[in-house]
Amino acid sequence: MSRLLVACAVLLGATSFAQAPAVPEKPNPLKASAERTQAALARLPKAKPEDVKSQDAILKALYDVISGPAGAPRDWQRFRSLFYPGAQLIPLAKPPGATTLAARPITPEDYVTWGQESTATHGFFEKEIARQTHAFGALVQVMSTYEARGTQDGPLIAKGVNSIQLFNDGQRWWVMNIFWIDEKTAGLAVPKDVTQK
C-alpha cells in the first residue's frame, strides 16, 4: 500500500511539474548582438580583396571612394563593404550660435543618403597628407590628417583630422568608426604631431 502511495505521489508530482509554466529564458544582449552582427555581415556587399588586405589599402579605399567630381556617381556598394556592422561616422560640429562642440553620429547608410544628394551637384576630393598609427593586436587607431578640395587641384576647402578605428578579423580589415574635426570647427591649425595639444 505504501508503495502505491509513493508511486501516486511521484506520478502526481511529475504531472504537476509538467503542467507548471515554463520559466522564460533571460534575454542575453550579447548573444542577440552577435546574431544581429552575423545577419548584417551576410547582407553586406562583398569587398574587393585589394581594398581590405592591409591598413594602407583600406585607408586608400576609404578616401578614394568618397572622392570625385560633381555629378559623378560614387561606388556606394564599395563604400558599404568597408564598414563593419554597427560602425559610425561622427563629425564634430559647432551648431549656429553655440559655444561648445556637438558630436553628430551617423551610420554609413546615412552617409550614403547624404552623399548621393551632395555629390550630384558638388565635387569633393579628400586625401590623406599625414598619418599616426597606434595598434594593439587586431585593434588599430589611426589619426589621419586630411585635406579636402572641391576639385582635384582646386583650392583647399577644409583641413582636419580623421580619427579612424580599424579592426582585423583574421581575414580582412574593417572600418569600425570614423570620428573627425576640421580646423575651422576646432578653432586651431592641425599640428605636425597630432598627439600634441
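Report follows, based on the coordinates.

### Topic: the nonpolar core
Moving on, step 1. Ile58, Phe79, Leu82, Phe83, Ile164, Leu166 and Val175 are the most contacted members of the largest nonpolar core, which has 23 residues in total.
Moving on, step 2. Elements that contribute at least two residues to this core include exactly helix H3 (55–66), helix H4 (76–81), strand E1 (83–93), helix H5 (108–121), strand E4 (139–149), strand E5 (156–168) and strand E6 (173–182).

### Digging into the packing of aromatic side chains
Moving on, step 1. With the rule as written, the count across this model stands at seven aromatic pairs.
Moving on, step 2. A centroid spacing of 5.5 Å and a plane angle of 85° characterise the contact between Trp76 and Phe79, whose relative ring orientation is edge-to-face. Taken together, the residues span about one helical turn, with Trp76 and Phe79 both in helix H4 at a distance of three residues.
Moving on, step 3. Under the relative-accessibility criterion, Trp76 is labelled buried at 9%.
Moving on, step 4. With relative accessibility at 1%, the residue Phe79 sits in the buried group.
Moving on, step 5. Here the aromatic rings of Phe79 and Tyr111 are separated by 5.2 Å at their centres, their planes lie at 20°, and the arrangement is stacked. Separated by 32 residues along the polypeptide, Phe79 in helix H4 and Tyr111 in helix H5 bring together distant segments of the chain.
Moving on, step 6. One residue, Arg172, lies across the ring of Trp174, its end atom 3.4 Å from the ring centre.

### Description of the sheet that holds E5
Moving on, step 1. If you trace the six strands from one edge of the open sheet to the other, you get E2-E1-E6-E5-E4-E3, paired in mixed fashion. Edge positions in the sheet fall to strand E2 (102–103) and strand E3 (125–136), since each of these pairs with one other strand and no more.
Moving on, step 2. Sheet topology note: the E1/E6 ladder contains five bridges and is parallel. Each residue of the ladder has a partner; that of Leu89, found in E6, is Ile178.
Moving on, step 3. Relative to the sheet, helix H2 (residues 29–43) contacts E1 and E6, its axis offset from that of E1 by approximately 90°.

### Some points on the environment of Glu183
Moving on, step 1. For Glu183, the position within the fold is in helix H6 (residues 183–186).
Moving on, step 2. Separated by 24 residues in sequence, Glu183 and Lys159 place their C-alpha atoms 5.9 Å apart.
Moving on, step 3. Among the polar contacts listed, one links the side chain of Glu183 to the backbone nitrogen of Val190, at a separation of 2.8 Å.

Calculation notes
Numbers given to residues run from 1 along each chain, matching the order in which its sequence is written. Two thresholds apply to this predicted model, a pLDDT of at least 70 for residue-level local features and 80 or more for giving and counting side-chain atom pairs, whereas whole-chain, interface and lining totals are computed over all residues. Side-chain numbers come from the whole structure's heavy atoms, not from hydrogens or water. The nonpolar core is taken to be a set of buried Ala, Val, Leu, Ile, Met, Phe, Trp, Tyr and Cys residues, with the residues joined through side-chain atoms within 4.5 Å. Accessibility here uses a 1.4 Å probe with only protein chains present; expressed as a share of the type maximum, an area under 20% marks a residue as buried, one over 50% as exposed, and anything in between as partly exposed. Only runs of H or I of at least four residues qualify as helices and only runs of E of at least two qualify as strands under DSSP, and these elements are numbered from the N terminus. Centres within 6.5 Å are what make two rings of Phe, Tyr or Trp a pair, Trp counting through its six-membered ring; a difference in plane orientation under 30 degrees is then read as stacked, over 60 as edge-to-face, and the rest as tilted. Remark: a charge is flagged as sitting over a ring if the NZ atom of Lys or the CZ atom of Arg is within 6 Å of the ring centre and within 35 degrees of the ring normal. Paired strands are those between which DSSP finds at least two bridges. A contact between two residues is defined here by any heavy atoms of the two lying within 4.5 Å. Lines fitted to C-alpha atoms define the axes, with helix axes restricted to the stretch in contact, and inter-axis angles between N-to-C directions lie between 0 and 180 degrees. Pairing of N or O atoms within 3.5 Å defines a polar contact, subject to two protein rules: one partner must be a possible hydrogen donor and the other a possible acceptor, and residues neighboring in sequence count only if both atoms are side-chain atoms.

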